[in-house]
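# Working through the structure, step by step
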Amino acid sequence: MPNTETTLTYPQYTSWMRELADLRYANAVLQWDQETYMPEAGAERRSGQIATLSELAHRFFTDPQKAKELNQLLADNSLDEKQRKNVSLTAEDVSQQAKLPGDFVRTMSETVSKSFQAWMDARKANNFAVFAPLLGKLIDLKKKEADYLGWQAHPYNALLNQYEKGCTVSMLDATFASLRAPLSALLAKIAARQQVSESIVKQSFPEETQWQFSMDLLEKMGFDFRAGRQDKSTHPFTTNFSAHDVRITTRIDPNDLSNMTYSTIHELGHALYEQGLPDAEYGLPLGEFTSLGIHESQSRLWENNVGRSLSWCSSFFPLIAHYFPEQCAGANAETFYRAVNRVQPSFIRTEADELTYHFHVMIRYELEKTLMEGSLPVNDIPAYWHAAYKKYLGIEVPDDKTGCLQDVHWSHGSFGYFPTYSLGSLYAAQFFGAAEIAIPGLQKQLSAGNFGQLLNWLRQEIHIHGRFFTSEELCKRISGDTLNINWFMQYVKEKYRFIYSLEEEAIPS
Ligand code: CO
């Protein structure tokens, strides 16, 4: 029988994908604007505009005819390795997305917009009950979504897989279980030592000067201002409209210099990844980041492994003292280094130190798992939160705003996202460990304010590959090892041994 169907060529596939990318990135501009410059009264119409573009993009992407053509194109022997990877990843994405009916996508988008508003109102009122009804609706939709997508062993797996391909409850249970004991042991040792002072960063720092410092810092650490910009927002984030237009935001606390500094470096790490993606692959899978865990590995690597190192503090302290001479009088790089590495159980995840951070993530992970199982009524979330913070961090959560209303994620419909934060920090330690082996004298370079070679290495090892390798494949290529918490544990043990003058541990036989 003659083949009467039109066959898709690779160039046609590329233009189709790029049209879709144009739609998606146009939507991203609207979202960026919503969180930076849009006047308050624009919110309602804007959520409609965003929902329409989301639905259009979904319809465009899940065209059944295209799914067929993609499979035919996959059988084309003339495709090279990268082209084949692009097409096969797209075919996979289409088949995943096509499992979600169009009206479901619309309902989800509208519920998310309303939830975001309810979450903001709830925060203002400092009352979880204001958010609870919509959150309950969202959780029901998320369970439905998991069923549409299909899952094995646990419904949460379907959601986890959207952010971190192949990530499962059993893998995360094992990772968190192995982290808990050594982290708790280290925290106990630190708690027994004298606390370090953070007074140097907790002073009055004029907002305008902080802003100038943040722009200077970005430039010195490799942010390309011809291909990006920084603005302010309540919740710092990074978004991009191509590798040549990457937007980051920061926030400024006039009484805490470390808040802006590390939030800026964190988003810088995300931005450097986006600016390093190959522009030639615009709109195609190989032009996109491989997973959220890897994205977060880049932000956490720059924020912690670089930004919270003694080398970075030595290199930047003179600049900090230049901007804030009075506040820095009598202090030195080491004072700053200790202050920004103070370990203390606290309420807010984004402000947590590198050790207690994982407990914040574990608590959210366990809670989301329970919610997806349907074994916890939504109204019991504040009580659950309270008990978990008491149990893992030994602190009494004073109210909802400082507790279960602090993160924006649920109101965005992002369930299964939190674990990527811990994975990112673990990958970061592993990648940075590999970088120290690959780049002789790396710490010396960082002390001298020279970040180029590290950035280049990250570009070659991670950024330029887009989605060609999965997280685990990248991890193995770079470190010769699958994700292994020992890299992280070794890094933090060494760091805090110095800061808190801990006793040398006996080497286990
Ligand atoms: Co991040």
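Look up a bit, the structure's there.
Attention in this report is confined to the structure presented alongside it. (Residues numbered from 1 in each chain as written. Predicted model: local features only at pLDDT ≥ 70, side-chain atom pairs only at ≥ 80, totals over all residues. Heavy atoms only, no water.)

### Some details on the pattern of salt bridges
What the rule picks out here adds up to 25 salt bridges. Among the ionic pairs, R24 bridges to E288, the shortest N-O distance being 2.9 Å. Taken together, the positions of R24 in helix 1 (residues 10-36) and E288 in the loop between helix 10 (257-276) and helix 11 (292-306) put the pair 264 residues apart, joining distant regions of the chain. The partner of K495 in a salt bridge is E354, with the nearest N and O atoms 2.6 Å apart. A residue pair is termed long-range when its members are at least 10 positions apart, and K495 in helix 21 (residues 485-499) and E354 in the loop between helix 14 (333-339) and helix 15 (357-373) qualify at 141 residues. With a relative accessible area of 7%, K495 lands in the buried category. (Salt bridge = Lys/Arg side-chain N within 4 Å of Asp/Glu carboxyl O. Helix = DSSP H or I, 4+ residues; strand = E, 2+ residues; numbered from the N terminus. Buried < 20%, exposed > 50% of the residue type's maximum accessible area, 1.4 Å probe, protein only.)

### Overview of the coordination of the cobalt ion
Bound to the cobalt ion are the protein donor atoms H266 (NE2), H270 (NE2) and E296 (OE), situated 2.2 to 2.4 Å from the metal. Read in sequence order, the donor residues for the cobalt ion give the motif H-x3-H-x25-E. Of the two residues, H270 is situated in helix 10 and E296 in helix 11; the sequence distance between them amounts to 26 residues. Owing to a relative accessible area of 9%, H270 belongs among the buried residues under this scheme. Relative accessible area serves as the criterion here: at 4%, E296 is assigned to the buried category. (Donors = N, O, S within 2.8 Å, 3.2 Å for Na, K, Ca; no water.)

### Thoughts on empty space enclosed by the protein
If you roll a probe as big as a water molecule over the atoms, it shows you where there is empty space left. Using the criterion set out here, one finds 4 cavities of 30 Å³ or more in the structure. Around the largest cavity sit Y25, N240, S242, A243, E274, L277, P278, D279, E281, Y282, G283 and G287, which together line it. (1 Å grid on protein atoms, 1.4 Å probe; cavity = no way out; pocket = protein on both sides within 12 Å on 5 of 7 lines; lining within 4 Å. Points joined across faces, edges and corners; volume = space filled by probe spheres on them.)

### Let's talk about unusual backbone geometry
Here the phi dihedral of N126 falls at roughly 50°; this positive angle occurs in a residue that is not glycine. One can find N126 in the loop between helix 5 (102-125) and helix 6 (132-149). In the Ramachandran plot, S501 falls in the positive-phi region, its phi being about 45° despite a non-glycine side chain. Relative to the elements of secondary structure, S501 occurs in the segment after helix 21.

### Re the layout of surface pockets
There is about 490 Å³ of room inside the second largest pocket. Taken together, 19 residues form the lining of the second largest pocket, with F432, E436, Q443, Y491 and E494 sitting closest to its centre. Those elements that provide at least two residues to the lining of the second largest pocket are helix 11, helix 12 (310-323), helix 17 (419-438) and helix 21. When residues of the lining of the second largest pocket are assigned to their parent elements, the largest contribution, 7 residues, is made by helix 21.

### Observations regarding the nonpolar core
With 135 residues, the main nonpolar core has F213, M221, W302, W312, F336, I381 and L454 as its most contacted residues. A per-element tally of this core places helix 17 first, with 10 residues. Listed in part, the 15 residues of the second largest apolar core include L8, A91, V94 and L284. (Core = buried A, V, L, I, M, F, W, Y, C linked by side-chain atoms within 4.5 Å.)

### Observations regarding the packing of helix 1 against helix 4 (residues 81-97)
It is at 12 Å that the axes of helix 1 and helix 4 come closest, and there the two elements cross at 50°. Relative to helix 4, the element helix 1 lies oblique. Pair helix 1 / helix 4 crosses with left-handed handedness. Of the residues in helix 4, those in contact with Y10, Y13, W16 and M17 of helix 1 are Q83, N86, V87, T90 and V94. Per-class residue counts for the contact of helix 1 with helix 4 are 6 nonpolar, 3 polar and no charged. (Axes fitted to C-alpha atoms, helices over the stretch in contact; angles between N-to-C directions. Parallel < 35°, antiparallel > 145°, perpendicular 65-115°, else oblique. Left-handed = near helix turned anticlockwise from the far one by under 90°. Contact = heavy atoms within 4.5 Å. Nonpolar A, V, L, I, M, F, W, Y, C, P; charged D, E, K, R; others polar.)

### Examining the packing of aromatic side chains
We describe a pair of aromatic rings using the distance from one ring centre to the other and the angle between the two ring planes. Evaluated as defined, the whole model comprises 32 aromatic pairs. Measuring from ring centre to ring centre gives 6.3 Å for W385 and W410, while their planes differ by 90°; the resulting arrangement is edge-to-face. Taken together, the residues W385 in helix 16 (residues 381-393) and W410 in the loop between helix 16 and helix 17 connect sequence positions 25 residues apart. Accessibility expressed as a relative area gives 3% for W410, which makes it buried. Every member of this aromatic cluster is reached through a ring pair, and the members are Y262, W302, W312, F316 and F451. Just above the ring of Y357 sits the side chain of R300; from NZ or CZ to the centre is 3.8 Å. Here the basic side chain of R338 rests over the ring of F498, its NZ or CZ set 5.3 Å away from the ring centre. (Phe/Tyr/Trp six-rings, centres within 6.5 Å; stacked < 30°, edge-to-face > 60°. Lys NZ or Arg CZ within 6 Å of the ring centre and 35° of its normal.)

### Considering the pairing of strand 3 (residues 245-250)
Buried residues dominate strand 3, accounting for 5 of its 6 residues. One ladder, built from 5 bridges, connects strand 1 (residues 228-232) with strand 3; its direction is parallel. The partner of K232 across the bridge, within strand 3, is T250. Note that strand 2 (residues 238-242) and strand 3 share 4 bridges and pair antiparallel. Paired with N240 across the two strands is V246, which belongs to strand 3. (Pairing = 2+ DSSP bridges.)

Shape is all these values report; function is a separate question.
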